[in-house]
Amino acid sequence: MERSKIMKPFVVAAVAATCAFGLAACQGNSASGGTAATVNGTAIPESQVTETIQTVRTQSGLEEEDAWGQFLASNDMTPESVREQIINSLVDQQLVIQGAEELGVSVDSSEVDTYVESMKANFNDDNAWKEALEEAGFTEDTYRESIETSLLQQAIGTHFEEAAEVTDADYIESAKTYASYYDGAKRSSHILFKVEDTTDEAAMDEARAKAQDVLNQINSGAISFEDAAQQYSDDTSKDQGGDVGWDRATTFVTEYQTALDGLEEGQVSDLVQSDYGIHIIKCTEVYTAPEEVTSLDQIPADFQETIKSMASSVVANNDYTAWLDELREKADIVINPMPADVPYNVDVTKYQTSDESADATEESGEAAASDEAAASDEAAASDEAASDEAAASDESASAESTDAEASESSASAESAQ
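Residues numbered from 1 in each chain as written. Predicted model: local features only at pLDDT ≥ 70, side-chain atom pairs only at ≥ 80, totals over all residues. Heavy atoms only, no water.

**Considerations on the sheet that holds strand β5 (residues 272-274)**
As a reminder, the rule being used: Should DSSP find at least two bridges between two strands, the strands are taken to pair. We count a stretch as a helix when DSSP gives it H or I for four or more residues in a row; a strand needs E for two or more, and each element gets its number in order from the N terminus. The axes used here are C-alpha line fits, helices contributing only the stretch in contact, and every angle between their N-to-C directions lies in the interval 0 to 180 degrees. In this description, contact between two residues means that some pair of their heavy atoms is separated by no more than 4.5 Å.
Pairing is antiparallel in the open sheet, where four strands are placed in the order β4-β3-β6-β5. Sheet topology places β4 (243-246) and β5 at the edges, where each strand pairs with a single neighbour. When strand polarity is set aside, the average angle formed by the axes of neighbouring strands in this sheet is 35°. In terms of strand pairing, strand β3 (residues 186-194) meets β4 through three bridges, oriented antiparallel. The partner of Arg 187 across the bridge, within β4, is Trp 246. Relative to β3, helix α11 (residues 225-232) is tilted by about 35°, and along the sheet it contacts β3 and β6 (277-286).

Below, the structure written as structure tokens:
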């Protein structure tokens, strides 16, 4: 099967959106429309492909024929190419389902029950639930089937994550990729003077006065920042001297982050007000990424787990891709031609600009020239073969004549004797 090397982002997003957890478009209806493709004998209904594309059009506001045609033309796509990419995605889904057994991966019916029941709980009663299913094009059975497929795909992903064999070299490669992201990250500590209601001016004034007194002690050297945090902070971080970690590893309120951005390593802020009360902030460390990463030790420990997780994900994804590629290579996949009467079929040339039309004409001309050259080469090869055959025939005749002459000479010699 010929597969597109690059799937348009539109189609990728569309397949993900419409097929995730079994939306109607990916459930399909094999009762009509024929077969779009088969995967090891399992049919992918044409209606399933059509419904997926039509759902994409609806979600993207491309229901009108002109809007759809203009979209396809502007993205250098055709109805055939969209159909092919959707089929490719559905083929991969079917391969994953078929390959799950050899991995020993399955989904217990109780998992499906739990998920279905959690969805059903969003509706007031059974009638509302059934109406919702019908509107989405499901019966309870087909909905369960779609959920089972989605959970199976998740289980396969988990299988490859758990089976991933990650080496030190993988970790280093991941560190090289992400080290620059952490460049300039700041670690900080703070002392929080908490105010339950920051609209209470009296409470805010009291907290501000207390905070200013502590800040004065810190600035004069009467007390260290860490000791002040342990004595005065209302935040749980006080047990760590106020340390709240790196800003690239967590999310701080806007006021806190803005104040931290303006601090150099070792600097202490003025009083900073947020919805939590009054903060005194100290920038304790600024990370500078090395030009060359040769060891994880060059990365702050707080970032290493994330980097290792990224490395594991890359290895797992590569293993999954290799597994799926192998399934695809071994599979018997047949894609049937696109029916002319599918609702998404439009004449894209009507919506192409003059430049696009010229490109299409040029491509067509190049293809024709290529075909003509191929035909010419084939004819020349045929003539050459015919010439070779004639020469071979002449040579054979000559050889037969020589054999006859030799036979006559032999007979003459025997007669002379």
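**A few points about the sheet that holds strand β2 (residues 42-45)**
Reading across the sheet, the three strands line up as β2-β1-β7 and stay open at both edges, with antiparallel pairing between neighbours. Edge positions in the sheet fall to β2 and β7 (333-335), since each has one partner strand and no second. Direction aside, the axes of adjacent strands within the sheet are offset by 20° on average. When strand β1 (residues 35-39) meets β7, the two strands line up antiparallel, connected through three bridges. For Thr 38, the partnering residue across the bridge sits in β7 and is Val 334. Helix-sheet contacts for helix α3 (residues 46-59) involve β1 and β2, and the interaxial angle to β2 is about 40°.

**Quick look at the nonpolar core**
Rules: For our purposes a nonpolar core is just a set of buried Ala, Val, Leu, Ile, Met, Phe, Trp, Tyr and Cys residues, chained together by side-chain atoms within 4.5 Å. Only protein chains enter the area calculation, which uses a 1.4 Å probe; residues under 20% of their type maximum are buried, those over 50% are exposed, and those in between are partly exposed.
Of all hydrophobic cores here, the largest spans 47 residues; its most connected members are Val 49, Trp 68, Leu 72, Leu 95 and Ile 156. Elements with a minimum of two residues in this core: β1, α3, α4 (65-74), α5 (79-103), α6 (109-120), α7 (126-135), α8 (140-163) and α13 (301-330). Per-element tally for this core: the top contributor is α5, with eight residues. Residues within four places of Ile 156 in sequence aside, it is in contact with Val 96, Ala 100, Leu 103, Val 105, Tyr 320 and Trp 323.

**With respect to the packing of aromatic side chains**
Any pair of aromatic rings gets described here by the distance separating the centres and the angle formed by the planes. Worth spelling out the cut-off: Each pair of aromatic rings taken from Phe, Tyr and Trp, with Trp reduced to its six-membered ring, is defined by centres within 6.5 Å and is described as stacked if the planes are under 30 degrees apart, edge-to-face if over 60, and tilted in the remaining cases.
On inspection of all chains with the given rule, the structure shows twelve aromatic pairs. Each ring, one from Trp 129 and one from Tyr 143, has its centre 5.6 Å from the other, and the planes form 85°; the classification is edge-to-face. Highlighted residues: Trp 129 in helix α7 and Tyr 143 in helix α8, separated in sequence by 14 residues. Comparing Trp 129 with Tyr 143 shows no difference in burial state: the two are buried.

**Examining the packing of helix α9 (residues 168-182) against α13**
Definition in use: Angles below 35 degrees are treated as roughly parallel, those above 145 as roughly antiparallel, those between 65 and 115 as roughly perpendicular, and all remaining angles as oblique. A crossing counts as left-handed when the near helix is turned anticlockwise from the far one by less than a right angle, and as right-handed when that turn is clockwise.
Where α9 meets α13, the axes come as close as 9 Å, and the angle between the chain directions of the two elements is 125°. With respect to α13, the axis of α9 lies oblique. For the crossing formed where α9 meets α13, the hand is right-handed. Mapping the contact onto sequence places Asp 170, Tyr 171, Ser 174, Ala 175, Tyr 178 and Tyr 182 in α9 and Phe 303, Thr 306, Ile 307, Lys 308, Met 310, Ala 311 and Val 315 in α13.

**Details of the pairing of β3**
Of all nine residues that make up β3, seven are buried, and the element is covered over most of its length. Relative to β6, β3 runs antiparallel, the two being bridged by nine bridges. Directly across from Lys 186, in β6, lies its bridge partner Val 286.

**Structural notes on the packing of α8 against α13**
Closest axis-to-axis distance for the α8/α13 pair is 8 Å, and the angle between their directions is 120°. Relative to α13, the element α8 lies oblique. Two packed elements cross with a definite hand, and for α8 against α13 that hand is right-handed. Counted together, Ile 156, Phe 160 and Glu 161 of α8 and Ala 316, Asp 319, Tyr 320 and Trp 323 of α13 form the full contact between these two elements.

**Observations regarding a negative patch on the surface**
As a reminder of what qualifies: Surface patches are drawn from residues lacking salt bridges whose relative accessible area is over 30%; two like charges belong together within 9 Å, two nonpolar side chains (Val, Leu, Ile, Met, Phe, Trp, Tyr) within 5 Å. All accessible areas in this document rest on Shrake-Rupley with a 1.4 Å probe, and a residue is counted as covered only by the protein chains that are shown. Criterion for a salt bridge: a side-chain nitrogen of Lys or Arg within 4 Å of a carboxyl oxygen of Asp or Glu. The convention is simple: Lys and Arg are positive, Asp and Glu are negative, and His and the chain ends are not counted. Here the site of a charge means NZ on Lys, CZ on Arg, CG on Asp, or CD on Glu.
Judged by side-chain charge, Glu 117, Glu 140, Asp 141, Glu 145 and Glu 148 come together as a negatively charged surface patch. Considering every element that reaches the negative patch, the biggest residue donor is α8, with four residues. With respect to the element layout, Glu 117 can be found in helix α6. Residue class for Glu 117 comes out partly exposed when judged on its relative accessible area of 48%.

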